[in-house]
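Reading the structure
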Amino acid sequence: MEARDLPILVVDDVQAMRAQIRSLLAGAGYKNVITVGNGVEGKEALDKAPFSLVIADWHMTPINGMEFLKYVRQHAVHSQIAFVMITAEDAKEQVIEAISQGVDDYLIKPLTIEKITSRIENVLRRKKVLT
Amino acid sequence: MSHIEKIHDFIQELNGFAATAEETLKKIEENLEQNKGLFSVFYERMFAIRGTAQQLGLDNITQIARLGEEIAHNATIAQTRPQIRKCVSSLWDALTTVKYLLEHHTEETSEEQNILIHRLENTLRVLGGSREKVSSDDIDALLKRK
């Protein structure tokens, strides 16, 4: 599958951020992007269609990014999905928790097109989604 | 969508977050001890404002929202009524300024805002300081050690 066709799920509760991430991903060549506003909608989206990559914010209600990450990692079907946290959360304790729960990459805002392109490509190669 | 349009949409959305934060502070004031758990709601809203402001390069809003976020985080574990009251008062200052900056985001930081920033930093220090932060390089190192 071409990078541009890889299905990507973006979970962020701020509409302006969802639009910004979608725009950055489009600039990086990823066109097959679905965006939702919280972890509950994220779970529903995962159950409806397969995704190659999940990008999630941390602070959301009712299910936050960390709870969503744990859900994905413990899920019988979705546990191996590439999962990237994109957040402004830079407290050491929180970052360590995300890494220990199996996040594949952790990006601190602000994002640039160069940053998102290289980091996502690295994750997808490590996960053997891209060759 | 242009950067200006994105900022406009962001301001609209974030005004809603600021309104939630304001309602939360009012509820906390009604009963300082019993409602102090609501500081976490304020924290979440300040966090959302900071994250998006950071992404869009609105540095003044980012700086004050971060201080508000850290004070609210400390407030959730504040033990005494004077400490809680101090947090509420500082958070009103932070919120009022964030709301002003959302409406006037192109303005430079004024003398008055610098004084506020200094006062918020002092409050935060008295409350025990901010949590330990990591840079992107630190995160990369942590990920490599995984």
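The structure contained in this document is the topic of the report that follows.

1. Quick notes on the nonpolar core
- If you look at the biggest cluster of nonpolar residues, it comprises 67 residues, and the most contacted ones within it are Leu25(A), Ile55(A) and Phe10(B).
- In terms of residues, this core owes the most to one element, helix 4 (residues 81-103) of chain B, which gives 10 residues.
- Formed by 28 residues, the second largest nonpolar core is a distinct cluster that contains Phe68(A), Ile81(A), Ile99(A) and Leu142(B).

2. A closer look at the interface of chain B and chain A
- Taken together, the contact pairs 27 residues of chain B with 31 residues of chain A.
- In this assembly, chain B packs against chain A so that about 2500 Å² is buried in total across both faces, 55% of it on carbon and sulfur atoms.
- Linking chain B with chain A are five salt bridges, by the criterion used here.
- Across the salt bridge formed by Arg45(B) and Asp13(A), the nearest N and O atoms sit 3.5 Å from each other.
- The tally of links between chain B and chain A comes to 12 residue pairs in polar contact (both at pLDDT 80 or more).

3. Focus: helix 4 of chain B
Residues and elements named next belong to chain B.
- Here helix 4 is 23 residues long and its end C-alpha atoms lie 33 Å apart, about the 33 Å a rise of 1.5 Å per residue gives.
- Every buried residue of helix 4 is accounted for by Ile84, Cys87, Val88, Ser90, Leu91, Trp92, Ala94, Leu95, Thr97, Val98, Leu101 and Leu102.
- Among the structural elements, helix 1 (3-30), helix 2 (39-55), helix 3 (59-75) and helix 5 (111-126) are those in contact with the buried residues of helix 4.

4. As for the sheet that holds strand 2 (residues 33-36) of chain A
Residue and element names in this part refer to chain A.
- Within the open sheet, the five strands sit side by side as 2-1-3-4-5. Their pairing is parallel. On the outer flanks of this sheet lie strand 2 and strand 5 (105-108), each paired with one strand and no other. Sheet twist, expressed as the mean angle between neighbouring strand axes with direction ignored, is 20°.
- Here four bridges tie strand 1 (residues 8-11) to strand 2, and the two strands are oriented parallel to one another.

5. Some points on the packing of helix 2 (residues 39-48) of chain A against helix 3 (residues 65-74) of chain A
Residues and elements named next belong to chain A.
- Running from N to C, helix 2 and helix 3 cross one another at 25°; their axes reach a closest spacing of 9 Å. Compared by their axis directions, helix 2 and helix 3 come out roughly parallel. Handedness of the crossing formed by helix 2 with helix 3: right-handed. In this structure, helix 2 uses Gly39, Gly42, Lys43, Leu46 and Asp47 to contact helix 3, whose residues at the interface are Phe68, Tyr71 and Val72.
- By residue class, the composition of the contact of helix 2 with helix 3 is four nonpolar, two polar and two charged.

6. A look at the environment of Gln113(B)
Residue and element names in this part refer to chain B.
- Mapped onto the fold, Gln113 is located in helix 5.
- Taking the C-alpha atoms as reference points, Gln113 and Leu101, 12 residues apart in sequence, are found 9.8 Å from one another.
- With residues near it in sequence (within four places) discarded, Gln113 still touches Thr97, Tyr100, Leu101 and Glu108.

7. Describing the side chain of Gln55(B)
- Residue position: Gln55(B) is located in helix 2.
- Gln55(B) gets classed as buried once you look at its relative accessible area, which sits at 7%.
- Of the polar contacts made by the side chain of Gln55(B), one reaches the backbone nitrogen of Leu111(A); its length is 2.6 Å.

Parameters at a glance
- Residues numbered from 1 in each chain as written.
- Chains lettered and ligands numbered in written order.
- Predicted model: local features only at pLDDT ≥ 70, side-chain atom pairs only at ≥ 80, totals over all residues.
- Heavy atoms only, no water.
- Core = buried A, V, L, I, M, F, W, Y, C linked by side-chain atoms within 4.5 Å.
- Buried < 20%, exposed > 50% of the residue type's maximum accessible area, 1.4 Å probe, protein only.
- Helix = DSSP H or I, 4+ residues; strand = E, 2+ residues; numbered from the N terminus.
- Contact = heavy atoms within 4.5 Å.
- Buried area = accessible area lost by both parts, 1.4 Å probe.
- Salt bridge = Lys/Arg side-chain N within 4 Å of Asp/Glu carboxyl O.
- Polar contact = N/O pair within 3.5 Å; in protein donor to acceptor, adjacent residues only side chain to side chain.
- Expected span 1.5 Å × (residues − 1).
- Pairing = 2+ DSSP bridges.
- Axes fitted to C-alpha atoms, helices over the stretch in contact; angles between N-to-C directions.
- Parallel < 35°, antiparallel > 145°, perpendicular 65-115°, else oblique.
- Left-handed = near helix turned anticlockwise from the far one by under 90°.
- Nonpolar A, V, L, I, M, F, W, Y, C, P; charged D, E, K, R; others polar.

Keep in mind these numbers describe shape, not what the thing actually does.
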